[in-house]
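Read off the chains here:
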Amino acid sequence: MSYLEDERFDQMLLAVAQQTQGIEPLLDTVFSFLRRKTDFFTGASEEVVTETVMKIVRKHAELADRTNSEKKKTREAEEKRAKKARAAVAEKAKKKEAEEKAARKAAKAAEPDVVEVAADGGFDLDDAPAEDAADAGADGAAEAEEEEEEDKTPPPPGNGMVL
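Below or above, wherever it landed, is the structure these notes cover. Small disclaimer: the values here were computed from a predicted structure and weren't measured. (Residues numbered from 1 in each chain as written. Predicted model: local features only at pLDDT ≥ 70, side-chain atom pairs only at ≥ 80, totals over all residues. Heavy atoms only, no water.)

To continue, consider the overall build of the protein. When you go through the protein residue by residue, the secondary structure sums to five helices and zero strands. In the form shown here, the protein has an accessible surface area of approximately 14900 Å², with 56% of it arising from carbon and sulfur atoms. (Helix = DSSP H or I, 4+ residues; strand = E, 2+ residues; numbered from the N terminus. Areas by Shrake-Rupley, 256 points an atom, 1.4 Å probe, with all protein chains shown as cover.)

Here we take up the layout of surface pockets. Here the largest pocket is characterised by a volume of approximately 1300 Å³. Contributing to the lining of the largest pocket are 27 residues, with Leu13, Leu27, Val30, Ile56 and His60 lying nearest its centre. For the lining of the largest pocket, the secondary-structure elements that each account for two or more residues are α1 (3–7), α2 (10–20), α3 (23–37) and α4 (46–110). Here the lining of the largest pocket is composed, by residue class, of 19 nonpolar, three polar and five charged. (1 Å grid on protein atoms, 1.4 Å probe; cavity = no way out; pocket = protein on both sides within 12 Å on 5 of 7 lines; lining within 4 Å. Points joined across faces, edges and corners; volume = space filled by probe spheres on them. Nonpolar A, V, L, I, M, F, W, Y, C, P; charged D, E, K, R; others polar.)

Turning to the packing of aromatic side chains, a few remarks are in order. Tallying each qualifying case throughout the model produces two aromatic pairs. Measuring from ring centre to ring centre gives 6.3 Å for Phe31 and Phe41, while their planes differ by 55°; the resulting arrangement is tilted. Placement of Phe31 in helix α3 and of Phe41 in the loop between α3 and α4 is noted, with a sequence separation of ten residues between them. Taking 5.1 Å as the distance between ring centres and 85° as the angle between the ring planes, the aromatic pair formed by Phe40 and Phe41 counts as edge-to-face. Given the relative accessible area of 22%, Phe40 is considered partly exposed. Look at Phe41 and you get partly exposed, because its relative accessible area is 37%. The structure contains a cluster of three or more aromatic residues connected by ring pairs, namely Phe31, Phe40 and Phe41. (Phe/Tyr/Trp six-rings, centres within 6.5 Å; stacked < 30°, edge-to-face > 60°. Buried < 20%, exposed > 50% of the residue type's maximum accessible area, 1.4 Å probe, protein only.)

Tallied over the full model, the rule gives three salt bridges. Across the pair Arg81 and Glu78 runs a salt bridge whose closest N-O atoms are separated by 2.5 Å. Here the residue Arg81 and the residue Glu78 both occupy positions in helix α4, the gap between them amounting to three residues, near one helical turn. Under the relative-accessibility criterion, Glu78 is labelled partly exposed at 41%. (Salt bridge = Lys/Arg side-chain N within 4 Å of Asp/Glu carboxyl O.)

Moving on to the packing of α2 against α3. Closest axis-to-axis distance for the α2/α3 pair is 8 Å, and the angle between their directions is 120°. As for the relative orientation of α2 and α3, their crossing is right-handed in sense. Within the contact between the two elements, α2 uses Val16, Ala17 and Thr20 and α3 uses Pro25, Leu26 and Thr29. Grouping the amino acids of the contact of α2 with α3 by side-chain chemistry returns four nonpolar, two polar and no charged. (Axes fitted to C-alpha atoms, helices over the stretch in contact; angles between N-to-C directions. Left-handed = near helix turned anticlockwise from the far one by under 90°. Contact = heavy atoms within 4.5 Å.)

The next thing to look at is unusual backbone geometry. Of note, Gln21 is a non-glycine position whose phi angle comes to about 60°, a positive value. Structurally, Gln21 can be placed in the loop between α2 and α3.

The grouping of Glu5, Asp6, Glu7 and Asp10 at the surface amounts to a negative patch. Looking at the negative patch, the element that brings in the most residues is α1, giving three residues. Looking at the secondary structure, you find Glu7 in helix α1. Glu7 gets classed as partly exposed once you look at its relative accessible area, which sits at 34%. (Patch = residues over 30% accessible without salt bridge, like charges linked within 9 Å, V, L, I, M, F, W, Y side chains within 5 Å. Lys, Arg positive; Asp, Glu negative; His and termini not counted. Charge placed at Lys NZ, Arg CZ, Asp CG, Glu CD.)

Turning next to the side chain of Thr20. When you line up the elements, Thr20 lands in helix α2. Only 3.2 Å separates the side chain of Thr20 from the backbone oxygen of Ala17, close enough to count as a polar contact. In this view, Thr20 contacts Pro25, Leu26 and Thr29; residues no more than four positions away in its chain are not counted. (Polar contact = N/O pair within 3.5 Å; in protein donor to acceptor, adjacent residues only side chain to side chain.)

This is the structure:
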């Protein structure tokens, strides 16, 4: 039977299956129909009837086994493909993390480990040469002296200062 022939009575059989509420009552209904409306049981010997039923049962059991094994193979292939894809993604993430770690390590190695002290005793954390730091230190000292001079002037009255 072709696929379309298999499905030709599906709607009617589904309605019967729903009304009988189970496989065994459905089969009982089918065999009851064969007993009442055909000569299936009276027109042949018991061995022929049993062999005919068993032949049909074996045929459909084999079809069901074949279908299930094909579904299982398809499912296993899909799982294998998905596992391979997950492994590829994990490997890519691992490589990316290793590259980032190497880049951080290289950046850390490029940073100077020694910080030079400027002429005024301050630390120069920039990559500027030490001579620029000395010039900056002299300018900073001049600004500090100006601030000290400004601080020597008395504060304006009314700001809460006690004299």
